Amino acid sequence: MAFIEIEHAGKVYTNPAGEKFRALNDVNLEIERGEFVCLLGPSGCGKSTLLSALAGFDLATEGRVAVDGEEVRGPSPERVTIFQQYGLLPWRTVLGNVELGLEGRRGLSKAERDSTAYEYLALVGLEDFASAHPNELSGGMQQRVSIARGLAVNPEVLFMDEPFGALDAITRMKLQDDILRIAKETGKTVVFVTHDIEEAVYLSDRIVVMTPNPGRVKSVVEVPMSWGFRDRTSEDFVACRDKVFAIFNMKHEPEIEYVI
Ligand code: ADP
Ligand code: MG
């Protein structure tokens, strides 16, 4: 039995007027514990819908979605989702934000909460900013705080929905390295949504390529590179990227013929 099982999953949204829209059709996918899987595809192909069904925010209307042997029926602290918006509380310090998820936990003293929060701030390289407020941090640092907050509750799995979408290209590459390192160090299973082909190739063990109308899985691509040997200029990387480009029918040569 796989850690995450998606069998014939579908999603039909119904609006208040009773009109129906099919966002996902017959998705079948298994994800192993510790895997890093990207859901890749153009806007509107159902990536967020699928992630939301896994996280339990908005359930699938057809088929079966299960994590760790249990059908997903709602949100769980074992499954944390990180969004593009950092969702930090501006009136709290960085440490206070990371502690948020720990406050409901019984039997955890303030000192234990602090030390756990520090541990995760260190994991994202922000231990020196514990007493700063979110508005004093760059976007990349704020997203790091949000990642630390998610990890601090020690979930089984991390869902990420275009988490680096608002960041500049250089910061984005740094955070990609961070999340790879963190996934490796913590052994977490990560399901990461992106519409960026190179990001998917850089991060994934496997890429699930999705396509719209209706949202479905078009292809699953294994990424042959091992962690620690990710190099955007390597032959393996370029070959894998070209393979994914080909799935989207993107050609490298210009499609327009110039008539002189
Ligand atoms: P992606 O994340 O790949 O951009 P989404 O999962 O957000 O795609 O959306 C897939 C499709 O479902 C889109 O056509 C979108 O308009 C539609 N959709 C998403 N959420 C809702 C909703 N709550 N009600 C109706 N339609 C929705
Ligand atoms: Mg989306």
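Residues numbered from 1 in each chain as written. Chains lettered and ligands numbered in written order. Predicted model: local features only at pLDDT ≥ 70, side-chain atom pairs only at ≥ 80, totals over all residues. Heavy atoms only, no water.

## Some points on the sheet that holds strand E2 (residues 20-31)
Our working definition: Strand pairing is assigned whenever DSSP identifies at least 2 bridges connecting the two strands. The way it works is that DSSP assigns letters per residue, a run of H or I at least four long becomes a helix, a run of E at least two long becomes a strand, and they are numbered from the N terminus.
Pairing is antiparallel in the open sheet, where four strands are placed in the order E2-E1-E4-E5. The sheet is open, and its two borders are formed by E2 and strand E5 (70-71), each paired with just one other strand. Bridge analysis of strand E1 (residues 4-14) against E2 gives eight bridges, and the strand direction is antiparallel. Note that in E2 the partner of Ala9 across the bridge is Val27.

## Some details on the nonpolar core
Where we set the bar: To qualify as a nonpolar core, a set must consist of buried Ala, Val, Leu, Ile, Met, Phe, Trp, Tyr and Cys residues joined through side-chain atoms within 4.5 Å. The cut-offs for exposure are 20% and 50% of the maximum accessible area for each residue type, with area from a 1.4 Å probe on protein chains only; residues under the lower value are buried, those over the upper are exposed, and the others partly exposed. A contact between two residues is defined here by any heavy atoms of the two lying within 4.5 Å.
Membership of the largest hydrophobic core comes to 54 residues, with the highest contact counts inside it found for Phe36, Leu121, Ile147 and Ile207. With six residues, helix H4 (residues 139-152) is the single largest residue contributor to this core. The contacts of Ile147, once residues within four sequence positions are left out, are Ile82, Val124, Met160, Phe164, Leu175, Ile179 and Ile182. The next biggest cluster of nonpolar side chains, apart from the first, holds 24 residues, and it includes Val27, Leu54, Phe159 and Met210.

## Focus on the pairing of strand E3 (residues 36-40)
Here E3 lies mainly inside the structure; five of its five residues are buried. Neither face of E3 is left uncovered, since the one carrying Phe36, Cys38 and Leu40 and the one carrying Val37 and Leu39 both have all their residues buried. With five bridges joining them, E3 and strand E8 (residues 189-194) adopt parallel strand pairing. Within E8, the residue paired with Val37 across the bridge is Val191. Of the pairings in the sheet, the one linking E3 to strand E9 (residues 206-211) comprises four bridges and is parallel in character. Within the sheet, the bridge partner assigned to Cys38 lies in E9 and is Ile207.

## Details of the site of ligand 1
So the rule is basically this: Nearness of a residue to a molecule or strand requires only that one of the residue's heavy atoms be within 4 Å of it. Whenever a nitrogen or oxygen atom comes within 3.5 Å of another N or O atom, the pair is scored as a polar contact, on the condition that within protein one atom can donate a hydrogen and the other can accept it, and that pairs from neighbouring residues in sequence are kept only if both atoms are in side chains. Each accessible area value is a Shrake-Rupley result obtained with a 1.4 Å probe; residue values ignore everything except the protein chains displayed when judging cover.
Taken together, Tyr13, Phe21, Ala23, Pro42, Ser43, Gly44, Cys45, Gly46, Lys47, Ser48 and Thr49 make up the full set of residues adjacent to ligand 1. In the environment of ligand 1, a nitrogen atom lies 3.4 Å from a nitrogen or oxygen atom belonging to the side chain of Tyr13. The separation between an oxygen atom of ligand 1 and a polar side-chain atom of Lys47 is 2.9 Å. The protein chains hide 60% of the 560 Å² of surface that ligand 1 would expose on its own. Of all elements in the fold, only E2 and helix H1 (47-55) reach the threshold of two or more residues within the shell around ligand 1. Among the elements that line the shell around ligand 1, the one with the most residues is H1, at three residues.

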